[in-house]
Amino acid sequence: MEDVVERAGISRALLYRHFPGKRDLFAALYRQVADRLLARTRLDPADTLVEQLTEGLDAHIEYFAANRNTVLAANRVPAGDRLVQTIITNELDALRERLLGVLPLTDDSTREAVSGVLKSWLVFVQVLCVDWLTHETCTRTELRNVCIGAVLGAIRPLLDEDPAPDRP
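Just so you know, these numbers come straight off a predicted model, no measurement behind them. Sequence order as written defines the numbering, with residues in each chain counted from 1. Whole-chain, interface and lining totals are the exception, using all residues; otherwise, since this is a predicted model, local features are given only for residues with pLDDT of at least 70 and side-chain atom pairs are given and counted only at 80 or more. To obtain the side-chain values, all non-hydrogen atoms of the structure were used and water was disregarded.

A.B. asks: Quick one: what's the story with the layout of surface pockets, residue by residue and with numbers?
C.D. replies: Over the atoms a probe the size of a water molecule is rolled, and this reveals where empty space is left. Reported here for the largest pocket is a volume of approximately 200 Å³. For each structure, a 1 Å grid was placed over the protein atoms alone; sets of points admitting a 1.4 Å probe that cannot get out are labelled cavities, open sets with protein on both sides within 12 Å along at least five of seven lines are labelled pockets, and lining residues have an atom within 4 Å of a point. Residue lining of the largest pocket: Met-1, Val-4, Lys-22, Leu-25, Phe-26 and Leu-29, and that is the complete set. Counting from the N terminus, the helices are the DSSP runs of H or I reaching at least four residues and the strands are the DSSP runs of E reaching at least two. The biggest single contributor to the lining of the largest pocket is helix 3 (residues 22-40), with four residues. When residue character is reported, Ala, Val, Leu, Ile, Met, Phe, Trp, Tyr, Cys and Pro are called nonpolar, Asp, Glu, Lys and Arg charged, and the others, Gly included, polar. Across the lining of the largest pocket, the residue classes break down as five nonpolar, no polar and one charged. Grid points are joined across faces, edges and corners, and a volume is the space filled by probe spheres set on the points.

Now the structure itself:
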C-alpha cells in the first residue's frame, strides 16, 4: 500500500478512505480489468462462432500474457477470497450469456444444457490459461485452438445445427 501511495502521489489517508486494505484495492483493480476485457470481447452475430471465439480468446490470452502476475495472483493467491471470486464468476457468467446469445439454440432445455457446458468450458479455459502462464507448454495459437476445439466438441452433441461445420 505504501508503494501505491508513493507512485500515485496521494496521501495514505486518501488511499485508505477508498480502499481499507490490499484486498479491496486488488479487487477494485481486478474488477476494472475484468470490465475492460468484457468490453473487448465483442461477439458479433455477423461473424461465425469460430471467429467470435478466436477474437475473444485472443483478447483474453493477450491480456493474460501481458499481465501474468496479476492474473496468477487473482487465480491463485486470493482465489478463496469471496470478493475476488465473485468478480471472476461474474465475468465468466457474462461471457457465457454472450455465447448463449449467438448459438443456434432451439428450446429452453437445449439452452440449459448448453449453458452448463459453457460454464464448465469457461472454467476449463481459466484453469488451462493459468497453467499456460505458469509453464507455457504450447504457443498462444495452440492454446486458443485447444480451447475452441474443446467447446465445439462439447456443444455439438447438444445442437441440432453444427455451429462450425467447416471445422473438425
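A.B. asks: Lay out the side chain of His-60 with the relevant residues and their values.
C.D. replies: Counting through the fold element by element, His-60 comes out in helix 4 (residues 49-66). Note on His-60: relative accessible area 10%, which makes it buried. For the exposure calls, accessible area comes from a 1.4 Å probe over protein chains only, and a residue counts as buried if that area is under 20% of its type's maximum, exposed if over 50%, partly exposed in between.

A.B. asks: Residue-level account of the pattern of salt bridges, with values.
C.D. replies: The term salt bridge refers to a pairing of a side-chain nitrogen on Lys or Arg with a carboxyl oxygen on Asp or Glu at a separation within 4 Å. With the rule as written, the count across this model stands at six salt bridges. When the shortest N-O distance is used, the salt bridge between Glu-2 and Arg-12 registers 2.7 Å. Taken together, the residues span a long stretch of sequence, with Glu-2 in helix 1 (residues 2-8) and Arg-12 in helix 2 (residues 12-18) at a distance of ten residues. In this structure, the salt-bridge partner of Glu-136 is Arg-68, at a minimum N-O distance of 2.7 Å. Of the two residues, Glu-136 is situated in the loop between helix 7 (108-135) and helix 8 (140-155) and Arg-68 in helix 5 (residues 68-75); the sequence distance between them amounts to 68 residues.

A.B. asks: Give a description of unusual backbone geometry that names residues and reports values.
C.D. replies: The backbone phi angle of Glu-136 is positive, close to 40 degrees, even though this residue is not glycine. Under the relative-accessibility criterion, Glu-136 is labelled partly exposed at 44%.

A.B. asks: Any chance you could break down the side chain of Ser-115 for me, citing the residues and the numbers?
C.D. replies: Within the secondary structure, Ser-115 sits in helix 7. Look at Ser-115 and you get buried, because its relative accessible area is 12%. Residues count as neighbours in contact if any of their non-hydrogen atoms are within 4.5 Å of one another. Sequence-distant contacts of Ser-115, defined by excluding residues within four places in its chain, comprise Arg-96 and Leu-100.

A.B. asks: Help me get a handle on the packing of helix 4 against helix 6 (residues 82-102), residues and values and all.
C.D. replies: Helix axes are fitted only over the stretch in contact, all axes being lines through C-alpha atoms; the angle between N-to-C directions runs from 0 to 180 degrees. Direction vectors running N to C along helix 4 and helix 6 enclose 160 degrees, while the axes themselves pass 11 Å from each other. In terms of orientation, helix 4 and helix 6 fall into the roughly antiparallel class. Once helix 4 is placed against helix 6, the crossing between them reads as right-handed. Contact with helix 4, carried on its side by Leu-49, Gln-52, Leu-53 and His-60, involves Glu-91, Leu-95, Leu-99 and Val-102 of helix 6 and no other residues of that element. Oblique is the label for every angle not falling under 35 degrees (roughly parallel), over 145 degrees (roughly antiparallel), or within 65 to 115 degrees (roughly perpendicular). Two helices that cross are described as forming a left-handed crossing if the nearer one is turned anticlockwise from the farther one by less than a right angle, and a right-handed crossing if clockwise.

No statement about biological role is implied by the geometric values presented.
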